[in-house]
Amino acid sequence: MRVPPASPAAAAAHFAASLAFHADVSDVAAALADGGDPGFVLLDSRSTEAWDQGHVPGAVHLPTALIPEQAERLLDRAVPVVTYCWGPGCNGATRAALALAQLGFQVKEMLGGFEYWAREGFAYETWQGAERRAADPLTAPVGAEDCGC
């Protein structure tokens, strides 16, 4: 390795911080599937066209550009927000999380976004109704409850 690893203390601080800022698709899905209050609001920060194409059931739709003027009306500051956008190649969820944090909301970003939600085989809604794809074996174990992470 060209750059040596960080000290254990520095690594622990880094990874603890990462977990404070990010949630993964499986953890979000598990929290939503429990049927009770998941302890957060899931926010889709994409355009209306993207929302119509597919979104996580129960998510709130609030495009990033509208957060400054509508977040206060749609969200409760006492409830953490988890943002998502298209997927790993898009930083829309990061920009949405930044906008919400600047307004005083507790926020995390859902790693993988809508792409990994669909790829892991979780149900989603479109303008035509509910849909679900088979889990992609490169992103989720086929036939298992979870990945064991």
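Model, not experiment: these values are computed from the prediction.

How each quantity is defined
- Residues numbered from 1 in each chain as written.
- Predicted model: local features only at pLDDT ≥ 70, side-chain atom pairs only at ≥ 80, totals over all residues.
- Heavy atoms only, no water.
- Core = buried A, V, L, I, M, F, W, Y, C linked by side-chain atoms within 4.5 Å.
- Buried < 20%, exposed > 50% of the residue type's maximum accessible area, 1.4 Å probe, protein only.
- Helix = DSSP H or I, 4+ residues; strand = E, 2+ residues; numbered from the N terminus.
- Contact = heavy atoms within 4.5 Å.
- Salt bridge = Lys/Arg side-chain N within 4 Å of Asp/Glu carboxyl O.
- Right-handed = clockwise from strand over helix to strand, strands pointing away.
- Pairing = 2+ DSSP bridges.

**Q** Could you clarify how one ought to interpret the nonpolar core in this entry?
**A** Generally speaking, soluble globular proteins have nonpolar side chains that are buried together. If you look at the biggest cluster of nonpolar residues, it comprises 17 residues, and the most contacted ones within it are Val28, Leu42, Tyr84, Met110 and Trp117. Those elements that place two or more of their residues in this core are helix H2 (25–33), strand S4 (81–84) and helix H6 (113–119). Of the residues forming this core, the biggest block, 4 residues, is contributed by H2. For Val28, the contacting residues outside a window of four places in its chain are Ala23, Phe40, Leu42, Val82, Met110 and Trp117. Among the nonpolar cores identified, the runner-up in size contains 12 residues, and Leu75, Ala97, Leu100 and Phe105 belong to it.

**Q** Hey, could you run me through the pattern of salt bridges in this one?
**A** Opposite charge on two side chains permits pairing when their charged atoms draw close. Tallied over the full model, the rule gives 4 salt bridges. A salt bridge links Arg119 to Glu115, with the shortest nitrogen-to-oxygen separation between them at 3.2 Å. With Arg119 and Glu115 both in helix H6 and 4 residues apart, the pair spans about one turn of that helix. On the basis of relative accessibility, which here comes to 33%, the residue Glu115 falls in the partly exposed class. The shortest N-O distance in the salt bridge between Asp136 and Arg119 comes to 2.7 Å. Of this pair, Asp136 sits in the segment after strand S7 (129–131) while Arg119 sits in helix H6, and the two are 17 residues apart along the sequence. Residues joined by salt bridges that share partners form a network here, namely Glu115, Arg119 and Asp136.

**Q** Just to check I follow, could you spell out the pairing of S4 for this structure?
**A** Every regular strand shows the same layout, with side chains that alternate between the two sheet faces. Of the two faces of S4, the one holding Val81 and Thr83 and the one holding Val82 and Tyr84 are both buried throughout. Running through helix H5 (residues 92–102), the crossover from S4 to the neighbouring parallel element strand S5 (residues 107–111) is right-handed.

**Q** Looking at this structure, how should I read the pairing of strand S2 (residues 41–44)?
**A** For S2 and S4, the ladder comprises 4 bridges, and the chain directions are parallel. Bridge pairing in S4 links Leu42 to Val82. Relative to strand S3 (residues 60–61), S2 runs parallel, the two being bridged by 2 bridges. Within the sheet, the bridge partner assigned to Leu43 lies in S3 and is Val60. Read as a crossover between parallel neighbours, the route from S2 over helix H3 (residues 48–53) to S3 is right-handed.

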